[in-house]
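Structural characterization, general
One letter stands for each residue in the lines below.
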Amino acid sequence: MTTRRPLIAGNWKMNGLKADAQALSRDLAQRVNKAGGIGFDMLICPPFTVISTVVGAVAGSGVAVGGQDCHVAEKGAHTGDISPVMLADQGCQFVILGHSERRADHGETDAVVKAKAEAALAADLVAVVCVGETESQKDAGQTIDVVASQIAGSMPEGADAAKVVVAYEPVWAIGTGRTPTVDDVAKVHAAIRDEIAKALGNDVAAAMRILYGGSVKPSNAKDLLGLDHVDGALVGGASLKAEDFWAIAEASA
Ligand code: PGA
């Protein structure tokens, strides 16, 4: 059996001014340092404006930093956008792509997410590709079809387990305090792994990390992270409190 090291990723979304960002990321780095060895990888994805603050605060701890989005181009006339090369230049190793808030607020399609993921790989960033069904799709029994088609459409050319992480985030579970049952999460994650195998072969699928996201908190982390095909978490709200984020991370190890 392939061992996949859990990845615990914090998606700060549009939260964090310099002082808070520094305090929170420093607190996490200190916990990692104090623990000596940890059985998981930790990733913080802050807003663009505090990336360099966070990179400085976690330096030497092994905590990785990522962006929450990037443009497809390396540079050019794209006012307000940030390129993957710029993220890498700031010290990022990851970038979240296709988050449902980007899909909803900015009309990002699978094709856009795929193009961004390819640009991210070209800049040596790991792409965290997000998929997930809406509540009406869930109610219509379409969850697996929706997620499978998002995977098929969003997976970048050249993807492998070192370059891509998948995050399953049911849209209706994000920020709502609601989560699918563990059985449902187990089923969807297994289906996602099958879909990755179809696209990239069994070996890549066996090694690729599939995170669960959507209302993960300390009280449900152990059940969710204990599932076979759940290889970590993408955490929103609870990643803004060091204690909660750390408790979730510890539940994965
Ligand atoms: P949440 O967000 O943990 O606040 O539900 C998760 C996410 O959107 O990545």
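Calculation rules
- Residue numbers here run from 1 along each chain, matching the order of that chain's written sequence.
- Where local features are concerned, this predicted model is filtered to residues with pLDDT of at least 70; where side-chain atom pairs are given and counted, the filter is 80 or more; whole-chain, interface and lining totals use all residues.
- For side-chain calculations, the full set of non-hydrogen atoms in the structure is used, while hydrogens and water are omitted.
- By convention in these notes, a residue is near a molecule or strand provided one of its non-hydrogen atoms lies within 4 Å of it.
- Between N or O atoms, a polar contact is any pair within 3.5 Å; within protein, one atom must be a potential hydrogen donor and the other a potential acceptor, and residues adjacent in sequence are included only when both atoms are from side chains.
- Every accessible area reported is derived by Shrake-Rupley at a probe size of 1.4 Å, with residue values counting cover from the shown protein chains alone.
- Here's how the labels work: a residue is buried when its accessible area is under 20% of the maximum for its type, exposed when over 50%, partly exposed in between, all with a 1.4 Å probe on protein chains only.
- Only DSSP runs of H or I covering at least 4 residues are called helices, and only runs of E covering at least 2 are called strands; the numbering of each starts at the N terminus.
- Two strands form a pair only when DSSP identifies at least two bridges running between them.
- Clockwise travel from the first strand over the helix to the second, with the strands pointing away from the viewer, marks a crossover as right-handed.

1. Quick notes on the site of the ligand
In the neighbourhood of the ligand, 13 residues make up the surrounding shell, with Lys13, His99, Glu169, Gly175 and Ser215 lying closest. At 2.7 Å, a side-chain N or O of Glu169 approaches an oxygen atom of the ligand. In the model, an oxygen atom of the ligand is placed 2.6 Å from a nitrogen or oxygen of the Gly175 main chain. A total of 280 Å² of accessible area belongs to the ligand in isolation, and the protein chains cover 95% of it.

2. As for the pairing of strand E7 (residues 210-213)
Along E7, one buried face is formed by Ile210 and Tyr212 and the opposite face, lined by Leu211 and Gly213, is buried too. Direction of pairing for strand E6 (residues 164-168) relative to E7: parallel, over a ladder of three bridges. Bridge assignment links Tyr168 to a residue of E7, and that residue is Tyr212. The pairing of E7 with strand E8 (residues 232-235) spans two bridges and is parallel. Looking at E8, one finds that Tyr212 is bridged to Ala233. The parallel pair E7 and E8, bridged by helix H10 (residues 218-225), forms a crossover whose chirality is right-handed.

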